[in-house]
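Remarks on the overall topology
As a plain string of letters, each chain reads:
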Amino acid sequence: MIAPSSVAASLLVALGGGTGALLRFHLGRAVGRLFPAASGAFPFATLAANVIGSLCMGLLVGILARHGSDKGMGAEGWRLLVGVGLLGGFTTFSSFSLEILNLWERGDPALAAIYAAVSVAAGIAGLFLGLTVIRIAG
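Residues numbered from 1 in each chain as written. Predicted model: local features only at pLDDT ≥ 70, side-chain atom pairs only at ≥ 80, totals over all residues. Heavy atoms only, no water.

Details of the overall build of the protein chain
For the protein chain, the helix and strand inventory stands at five helices and zero strands. For the protein chain, the residues scored as buried account for 21% of the 138 residues in total. By sequence separation, contacts in the protein chain at least 24 residues apart represent 60% of the contacts at least 6 residues apart. Summed over all atoms, the accessible surface of the protein chain reaches about 9,000 Å², with 73% contributed by carbon and sulfur. Counting 8 positive and 5 negative side-chain charges, the protein chain places the centres of these two groups 16 Å from one another. (Helix = DSSP H or I, 4+ residues; strand = E, 2+ residues; numbered from the N terminus. Buried < 20%, exposed > 50% of the residue type's maximum accessible area, 1.4 Å probe, protein only. Contact = heavy atoms within 4.5 Å. Areas by Shrake-Rupley, 256 points an atom, 1.4 Å probe, with all protein chains shown as cover. Lys, Arg positive; Asp, Glu negative; His and termini not counted. Charge placed at Lys NZ, Arg CZ, Asp CG, Glu CD.)

Next comes the structure, spelled out in structure tokens:
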């Protein structure tokens, strides 16, 4: 099947992203209700979203590798709707995990480790920098 047009691709990502964001929001609420005493002490909802999103990304990649071209809208449409949109809206950690695995499976475990370490360190540094700028500007 032909790849979706730019407009169709954008609509698939938007539909999936909105759905993923809603699912993430409701997961956070559900975890807070299930574990009210622990919800402030440890980010269980984020951990759950990261693990669930990574599991779903693995399932999606496996399904698309095995059956992608025979799934109606085609592998690219499903990748955009579910992988980029839904899982991107739910958690970007699933994409991060997939990228590390891809680097590893391509025979470059050192680059996978560097990417993981730099991503985590730079992400934390970026958050700290942004928060510091706002606090100083105050």
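Description of helix α4 (residues 93-105)
In a regular helix each residue adds 1.5 Å, so 13 residues correspond to 18 Å; α4 covers 18 Å between its end C-alpha atoms and thus fits that length. Among all positions in α4, only Ser-94, Phe-96, Ile-100 and Leu-103 are buried. Those residues of α4 hidden inside the fold are in contact with α2 (44-67), α3 (74-90) and α5 (109-137). Gly-107 sits one or two positions beyond α4 and adopts a positive phi of about 90 degrees. (Expected span 1.5 Å × (residues − 1).)

Points about the nonpolar core
A general tendency of soluble globular proteins is for nonpolar side chains to be buried together. Membership of the largest hydrophobic core is limited to five residues, which are Leu-27, Val-31, Ala-45, Ala-49 and Phe-90. Of all elements in the fold, only α1 (6-34) and α2 reach the threshold of two or more residues within this core. Filtering out sequence-adjacent residues up to four positions away, Ala-45 remains in contact with Arg-24, Leu-27, Gly-28 and Val-31. (Core = buried A, V, L, I, M, F, W, Y, C linked by side-chain atoms within 4.5 Å.)

Remarks on the confidence of the model for the protein chain
Predicted confidence across the protein chain gives a mean pLDDT of 89, with 95% of residues reaching 70 or more. Here α2 stands out as the element of the protein chain with the lowest mean pLDDT, 89, in contrast to α1, whose mean of 95 is the highest. (pLDDT = per-residue confidence, 0-100.)

Quick word on the UniProt feature "transmembrane region" (unreviewed entry) in the protein chain
Per the UniProt record, the feature "transmembrane region" (unreviewed entry) sits at residues 44-65, 77-98 and 110-134. A helix fraction of 91% and a strand fraction of 0% characterise residues 77-98, whose end C-alpha atoms lie 18 Å from each other. (UniProt positions renumbered as here; feature names shortened; annotations may be inferred.)

Quick word on the UniProt feature "binding site: Na(+)" (unreviewed entry) in the protein chain
Look at the UniProt record and you will see "binding site: Na(+)" (unreviewed entry) annotated at Gly-88 and Thr-91. Of note, Gly-88 is situated in helix α3. We classify Gly-88 as partly exposed; its relative accessible area is 26%. One can find Thr-91 in the loop between α3 and α4. Setting aside residues up to four positions removed in sequence, Thr-91 forms contacts with Ala-49, Asn-50 and Gly-53.

Considering the side chain of Thr-91
Given a relative accessible area of 7%, Thr-91 falls into the buried group. Engagement of the side chain of Thr-91 in a polar contact is seen with the side chain of Asn-50, the distance being 2.8 Å. Polar contacts involving the side chain of Thr-91 include one to the main-chain amide nitrogen of Phe-93, which spans 3.0 Å. (Polar contact = N/O pair within 3.5 Å; in protein donor to acceptor, adjacent residues only side chain to side chain.)

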